[in-house]
Amino acid sequence: NMKRTSVFFRVMPIAIAGLIASGCGSSRQMAQTQSMSPFGQNIADAPCVEKDTHEYFVGIGIETCTKYTMNEGAQKALMAAQTQVASKMKSRIKAATTQYLNSYGSNQGADAQNKMENMGEKVINAIMNDTYAECGPRYSNMDDKGNVQCYIGVRVYKKQIVDAMVNQVSNDEKMKIDFKEKQFREQMEKAFNEYKDEQ
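Residues numbered from 1 in each chain as written. Predicted model: local features only at pLDDT ≥ 70, side-chain atom pairs only at ≥ 80, totals over all residues. Heavy atoms only, no water.

(A) Summary view of the overall build of the protein chain. Along the backbone of the protein chain there are 6 helices and 3 strands. Of the regular secondary structure in the protein chain, the N- to C-terminal order runs α-β-α-α-β-β-α-α-α. Relative to all contacts within the protein chain whose residues are 6 or more apart in sequence, the contacts with residues 24 or more apart total 71%. Accessible surface, the protein chain: about 10,500 Å² in total, of which carbon and sulfur atoms supply 48%. (Helix = DSSP H or I, 4+ residues; strand = E, 2+ residues; numbered from the N terminus. Contact = heavy atoms within 4.5 Å. Areas by Shrake-Rupley, 256 points an atom, 1.4 Å probe, with all protein chains shown as cover.)

(B) Highlighting the confidence of the model for the protein chain. In the predicted model, the protein chain carries a mean pLDDT of 76, and the fraction of residues at 70 or more is 72%. The spread of mean pLDDT over the elements of the protein chain runs between helix α1 (residues 14-17), the lowest at 33, and helix α4 (residues 158-170), the highest at 93. Of the regions scoring below 50 in pLDDT, residues 1-37 engages in 96 contacts with residues more than four places distant in sequence or in other chains. (pLDDT = per-residue confidence, 0-100.)

(C) Structural detail: the packing of aromatic side chains. Across all of its chains, the model carries 5 aromatic pairs by this definition. Each ring, one from Tyr 100 and one from Phe 184, has its centre 5.2 Å from the other, and the planes form 80°; the classification is edge-to-face. Within this pair, whereas Tyr 100 is found in helix α2 (residues 70-104), its partner Phe 184 is found in helix α6 (residues 181-194), the two being separated by 84 residues in sequence. Following the ring pairs from residue to residue traces out a cluster consisting of Tyr 100, Phe 179 and Phe 184. (Phe/Tyr/Trp six-rings, centres within 6.5 Å; stacked < 30°, edge-to-face > 60°.)

(D) Structural detail: the nonpolar core. Of all hydrophobic cores here, the largest spans 40 residues; its most connected members are Met 89, Met 128, Ile 152, Ile 161, Phe 184 and Met 188. Contributions of two or more residues to this core are made by β1 (56-66), α2, α3 (110-129), β3 (147-157), α4 and α6. Among the elements that line this core, the one with the most residues is α2, at 12 residues. In this structure, Val 49, Ile 60, Cys 135 and Tyr 151 belong to the second largest nonpolar core, which totals 5 residues. (Core = buried A, V, L, I, M, F, W, Y, C linked by side-chain atoms within 4.5 Å. Buried < 20%, exposed > 50% of the residue type's maximum accessible area, 1.4 Å probe, protein only.)

(E) Seen up close, unusual backbone geometry. For the bond from Gly 136 to Pro 137, the omega torsion is 5°, close enough to zero to count as cis. Turning to its location among the elements, Pro 137 is positioned in strand β2 (residues 135-139).

(F) The environment of Val 49, seen in detail. Topologically, Val 49 is positioned in the loop between α1 and β1. A residue is classified by how much of its surface remains accessible, and Val 49, at 5% relative accessible area, is buried. Between the C-alpha atom of Val 49 and that of Gly 59, which follows or precedes it by 10 residues, the distance is 8.7 Å.

(G) Focus on the pairing of β2. The buried count for β2 comes to 4 of 5 residues, which makes it a mostly enclosed element. Across 3 bridges, the pairing between β2 and β3 is antiparallel. Pairing of Tyr 139 across the sheet is with Cys 150, part of β3. (Pairing = 2+ DSSP bridges.)

(H) How the structure looks around the pairing of β3. The element β3 is extensively covered by neighbouring structure, given that 10 of its 11 residues are classed as buried. Two strands pair when backbone bridges link them, and β1 and β3 are joined in this way by 11 bridges, in the antiparallel orientation. Bridging across to β3, Thr 64 finds its partner in Gln 149.

(I) Just the sheet that holds β1, in detail. Pairing within the open sheet is antiparallel, and its 3 strands lie in the order β1-β3-β2. Edge positions in the sheet fall to β1 and β2, since each of these pairs with one other strand and no more. Sheet twist, expressed as the mean angle between neighbouring strand axes with direction ignored, is 15°. (Axes fitted to C-alpha atoms, helices over the stretch in contact; angles between N-to-C directions.)

As structure tokens, then:
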């Protein structure tokens, strides 16, 4: 279902949520690094910072703004988070489709790779259009120049991506003739699980 980004919860759209500071779940696994956040803690303890899991990809947007531009800062942070997660999706979809075609072949040759990559772009765009903040916006304390940091986190569930890709391929008149859904799902899951989060 392309209209369902989050299995568990969705925070209100960013235009409404601009000045609301809603928290992240305390049970989430946080990224480990020694950098300091404006919150006076390690970045690992900062809001909306977490790693990808077997279940979902995450994007983290951090934007500097002033108390007068917090709404705009939140929108830019959301866009940065969406761009980050879209990049992860794109690289993994390409890896999965390449491996699938190399392993199971297709009568369409190189054209099949191009078609699948185009389908991947459609899937990514559709998912990104329906992706909201899962965490945040959260704001740091103001620094001595009057700036604050806005944090936003988004999630995209891997099963949603796989299901959307399967639907795209199986609805294509030519592609579905050679399509092996079980093997395609396996390649997608493998590619997603091999992704190393470098945050």
